[in-house]
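Residue strings, one per chain:
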Amino acid sequence: MSAAPRSREVVLDIDRLTIGFGGLVALANVSFDVYEGEIASLIGPNGAGKTTAFNAITGFLSVSGDSIRYRGKRLNGLRPNQIADLGVVRTFQKTSVFAANTVTDNIMIGLHRHAGARLWEILLARPRVRDEESRLRAQAGEILEMMGLSAHAEELGGALPYGEQRLLEVAVALAAKPTLLLLDEPVSGMNPSETARFMAMLGRIRAGGITILLVEHDMRMVMGVSDRVIVLNQGAIIAEGAPEEIQRNPEVIRAYLGHGADKRRASKREAGRA
Amino acid sequence: MNRWATGLWVGFLFSIPLWMTDQYYLHILIVAGIFIIAAMSLNLLLGYTGQLSLGHVAFFGIGGYTSALVSLGFDLELTDSYTFVFPAQPVWIAFLAGIVVAGFFGWLIGKISFKVRGAYFVIVTISFAEVVRLVALNWIDLTEGPMALNNIPPFTLGVPGLWELTFWRKIPNYYLVLVTCILSYVVIARLVGSRLGRAMIALRENEPLAASVGVDVTRSLVLAAVVSAAIAGAAGGLYTHYIRIIDPDVFLFIYTVTMVIMVVTGGKGTLAGPIVGGLIFGILPEALREVASPEMQWVIYGVLMILIVYFLPDGIVPAVSSWWKERFDAPPKTGEERA
Ligand SMILES: Nc1ncnc2c1ncn2[C@@H]1O[C@H](COP(=O)(O)OP(=O)(O)O)[C@@H](O)[C@H]1O
Ligand SMILES: [Mg+2]
């Protein structure tokens, strides 16, 4: 499946992004691009800074400067909802659904950006409001169908089995109709058959015109679905390329083999800066 | 609740003055109704957005004072040579002004405090209520301070000189409160059932996730605060023109606590919760007054509240509706039936 990026048009442009937490540098001068229509994977050992990069891109960490651009627009300083309005939507590493809402209502919330009823129309119960609600409900049904969650439509989000909750998270993000979808370890905790199904799903999402940036530890999945892999280690990019190249790259192999030494190195790094 | 049950219930409420001839009972229902409106407004914030406003009575009092002042007229000595004179307005206009001014303060509090949420919101709202109480107490030129605003006109509808309907007696006031109650209910029900209400609920449930799909956190919460404060202001206006006197004690913390108790025991985040809680804790003190000493009243009140919260932590309405579902709704089909 791996191939050269489908186009060379940059959509996400990360340019010398640096993020520190106190003495710890989580990302140091990180630059990478994501191209239109591709599935790019951001990999690296635990603590490499992948989630931090996601937080920065989606406005959950406020970053000054001009280091993050999406389709030419600067994302630095924008709030998460403004970034979602520009078409960049993420999922969370830790399972995150609206636990007390039904699965359908989870999707309805995800569709928030695509409803336009004004307050006065709602208070006067204008016909337009009802039409819009049924339109949204139909769309929610389609999304659930696509994600294979239709059977659970009326169950509470928090009551779903783990694997389905992970699918629901992606469904909620898709409901926001992103043009760039950031997935933070979406298959962690899924069993192999669920993972295989999810990989097929990713292909379908991409086929729907959505660019994907994936953070994942499951290397078989990463190598199977990615057009391009970016490797982050200790806050810096150490390699970038097609999956086959990455698998052969000695520095990547070293970073992953040195996994156990990671914590030690991280604390040394911290001490070094203090 | 389905349409039939709702219709029956509303019909019953409309019929009460026809057969309940004791004016004192009607008085209890009017006051309970006013508190139910206030509790419903608090529920929008507390139940649907999850933000605890412990100064909610401020909006109630602001609505009341504004409505009283606009209906009485007032003058303010701004400089030695200039006095601003505000002429008395028809009460229904004053009532609307009370709603608008309360809503404005809701917006202000929302803007200020939703940047700092949770415990900070609680503190900001408590302080706000206390500041407003001190203003009402000390700005004697405007509010008469502890001497209270007296002779507040009763509610009127119409245009002075042409046609006017004045709500002197209990029965029209009962209907006025009932209609306001129903309107507030409809406003809240439509709001929380809409995309805007879904956004509020989403923030309560999982703020980062809501923000990640495009929900504007500040905007949703400020909207909830404005609507909530405006409805509380309406309740305050009704109260003022019914009791016809208002003093700074209207801002006492105990009234906010009463509203919170109504919402929490009835079931926060449910439409019927504040009504059920409001009926119980609005009527109970009066009912007890006839049979128990004042000390016993408070003991019973407190014990009942603790029992409800202890045994039904989500409140009465969620407990009853889940019991109802289990008892009467078709259980999930078994394999046998499906075959
Ligand atoms: N909010 C935070 N405050 C302090 N340190 C953080 C914070 N978030 C992440 N870190 C640190 O930044 C580094 C990168 O973390 P993270 O981005 O979560 O890694 P990854 O997702 O690649 O496993 C880690 O050392 C982590 O402890
Ligand atoms: Mg991570």
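Concerning the interface of chain A and chain B
Stage number 1. Between chain A and chain B, the residue contacts involve 33 residues of the former and 23 residues of the latter.
Stage number 2. Summed over both sides, the interface between chain A and chain B buries roughly 2400 Å², with carbon and sulfur atoms accounting for 63% of that surface.
Stage number 3. Across the pair Arg 79 of chain A and Asp 216 of chain B runs a salt bridge, and its minimum N-O distance is 3.4 Å.
Stage number 4. The set of elements that each furnish at least two residues to the side of chain A that touches chain B consists of α2 (80-85), β6 (88-90), α3 (103-110), α4 (119-123), α5 (127-147) and α6 (162-175) of chain A.
Stage number 5. Looking at the side of chain A that touches chain B, its residues break down into 22 nonpolar, 6 polar and 5 charged.

A short note on a negative patch on the surface
Residues and elements named next belong to chain B.
Stage number 1. Taken together, the side chains of Asp 75, Glu 77, Asp 80, Asp 141 and Glu 144 present a region of like negative charge at the surface.
Stage number 2. Residue placement: Asp 80 occurs in the loop between β1 (74-77) and β2 (83-86).
Stage number 3. Of the residues examined, Asp 80 reaches a relative accessible area of 79% and is grouped as exposed.

With respect to the pattern of salt bridges
Residue and element names in this part refer to chain A.
Stage number 1. In this structure the tally under the stated criterion is 17 salt bridges over all chains.
Stage number 2. The partner of Asp 85 in a salt bridge is Arg 113, with the nearest N and O atoms 3.7 Å apart. Residue Asp 85 is located in helix α2, and its partner Arg 113 is located in the loop between α3 and α4; the two are separated by 28 residues in the primary sequence.
Stage number 3. What makes Arg 113 partly exposed here is its relative accessible area of 22%.
Stage number 4. In this structure, Glu 132 and Arg 128 form a salt bridge, with 3.6 Å as the shortest nitrogen-oxygen distance. Of this pair, Glu 132 and Arg 128 both sit in helix α5, 4 residues apart, roughly one helical turn.
Stage number 5. A relative accessible area of 7% means that Glu 132 is categorised as buried.
Stage number 6. The partly exposed category is assigned to Arg 128, whose relative accessible area is 41%.
Stage number 7. Through salt bridges with shared partners, one network takes in Glu 121, Arg 128, Glu 132 and Arg 135.

Concerning the coordination of the magnesium ion (ligand 2)
Stage number 1. Taken together, Thr 51 of chain A (OG1) and Gln 93 of chain A (OE1) make up the protein donors of the magnesium ion (ligand 2), found 2.0 to 2.1 Å from the metal. On the criterion of sequence distance, the pair formed by Thr 51 of chain A in helix α1 (residues 50-57) and Gln 93 of chain A in the loop between β6 and α3 is long-range, its members being 42 residues apart.

Overview of the site of ligand 1
Residues and elements named next belong to chain A.
Stage number 1. Near ligand 1 you find Phe 21, Leu 24, Ala 26, Asn 46, Gly 47, Ala 48, Gly 49, Lys 50, Thr 51 and Thr 52, and these make up its full shell.
Stage number 2. One of the backbone N or O atoms of Lys 50 is found 2.8 Å from an oxygen atom in ligand 1.
Stage number 3. Thr 52 is positioned such that a nitrogen or oxygen atom in its side chain is 2.5 Å from an oxygen atom of ligand 1.
Stage number 4. When isolated, ligand 1 has an accessible area of 560 Å², and the protein chains bury 61% of it.
Stage number 5. Among the elements of the structure, β2 (24-35) and α1 are those that each provide at least two residues to the shell around ligand 1.
Stage number 6. Among the elements that take part in the shell around ligand 1, α1 stands out by supplying 3 residues, more than any other.
Stage number 7. Here the shell around ligand 1 is built from residues that sort into 4 nonpolar, 5 polar and 1 charged.

Some thoughts on the pairing of strand β8 (residues 211-215) of chain A
On a regular strand, one side chain projects to one face of the sheet and the next to the other, so that they alternate.
Residue and element names in this part refer to chain A.
Stage number 1. Within β8, 5 of the 5 residues are buried, which leaves it mostly tucked inside the rest of the structure.
Stage number 2. On β8, burial covers both faces: Thr 211, Leu 213 and Val 215 on one face and Ile 212 and Leu 214 on the other are all buried.
Stage number 3. Pairing geometry for strand β7 (residues 180-184) and β8, over 5 bridges, is parallel. Along β8, the bridge assignment pairs Leu 180 with Thr 211.
Stage number 4. Handedness of the β7-helix α7 (residues 192-207)-β8 crossover: right-handed.

Some remarks on the environment of Ala 153 of chain A
Residues and elements named next belong to chain A.
Stage number 1. One can find Ala 153 in the loop between α5 and α6.
Stage number 2. For Ala 153, a relative accessible area of 15% translates into the label buried.
Stage number 3. Through-space distance from the C-alpha of Ala 153 to that of Ala 140 is 9.3 Å; in sequence the pair is 13 residues apart.
Stage number 4. Those residues in contact with Ala 153, other than ones at most four positions away along the chain, are Thr 102, Val 103, Thr 104 and Leu 144.

Some points on the packing of aromatic side chains
All names here are of chain B.
Stage number 1. Taken as a whole and assessed by the stated rule, the structure comprises 22 aromatic pairs over all chains.
Stage number 2. Arranged with centres 5.3 Å apart and planes meeting at 80°, the rings of Phe 95 and Phe 155 form a pair that is edge-to-face. Taken as a pair, Phe 95 in helix α4 (residues 91-113) and Phe 155 in the loop between α6 (140-143) and β3 (156-159) lie far apart in primary sequence, 60 residues in all. Here Phe 95 matches Phe 155 in class, with each residue buried.
Stage number 3. Judged by centre distance (5.9 Å) and plane angle (35°), the rings of Phe 105 and Phe 128 are tilted.

Side note on the domain arrangement of chain A
Residue and element names in this part refer to chain A.
Stage number 1. Looking at the assigned domains, one finds that chain A contains domain 1 (10-97 + 178-273) and domain 2 (99-159).
Stage number 2. With 6 residues of domain 1 in contact, the opposing surface of domain 2 contributes 7 residues.
Stage number 3. Carbon and sulfur atoms make up 61% of the surface buried where domain 1 meets domain 2, a total of about 580 Å² over both sides.
Stage number 4. Across the domain 1-domain 2 interface, the total number found is 1 salt bridge.
Stage number 5. In this structure, the connection of domain 1 to domain 2 is made through 3 residue pairs in polar contact (both at pLDDT 80 or more).
Stage number 6. Contributing elements (two or more residues each) for the side of domain 1 that touches domain 2: α2 and α7.
Stage number 7. Among the elements that make up the side of domain 1 that touches domain 2, the one with the highest residue count is α7 (3 residues).
Stage number 8. Its residues assigned to classes, the side of domain 1 that touches domain 2 shows 4 nonpolar, no polar and 2 charged.

Reading the values: rules and limits
- Residues numbered from 1 in each chain as written.
- Chains lettered and ligands numbered in written order.
- Predicted model: local features only at pLDDT ≥ 70, side-chain atom pairs only at ≥ 80, totals over all residues.
- Heavy atoms only, no water.
- Contact = heavy atoms within 4.5 Å.
- Buried area = accessible area lost by both parts, 1.4 Å probe.
- Salt bridge = Lys/Arg side-chain N within 4 Å of Asp/Glu carboxyl O.
- Helix = DSSP H or I, 4+ residues; strand = E, 2+ residues; numbered from the N terminus.
- Nonpolar A, V, L, I, M, F, W, Y, C, P; charged D, E, K, R; others polar.
- Patch = residues over 30% accessible without salt bridge, like charges linked within 9 Å, V, L, I, M, F, W, Y side chains within 5 Å.
- Areas by Shrake-Rupley, 256 points an atom, 1.4 Å probe, with all protein chains shown as cover.
- Lys, Arg positive; Asp, Glu negative; His and termini not counted.
- Charge placed at Lys NZ, Arg CZ, Asp CG, Glu CD.
- Buried < 20%, exposed > 50% of the residue type's maximum accessible area, 1.4 Å probe, protein only.
- Donors = N, O, S within 2.8 Å, 3.2 Å for Na, K, Ca; no water.
- Near = heavy atom within 4 Å.
- Polar contact = N/O pair within 3.5 Å; in protein donor to acceptor, adjacent residues only side chain to side chain.
- Pairing = 2+ DSSP bridges.
- Right-handed = clockwise from strand over helix to strand, strands pointing away.
- Phe/Tyr/Trp six-rings, centres within 6.5 Å; stacked < 30°, edge-to-face > 60°.
- Domains from an automatic or database assignment.

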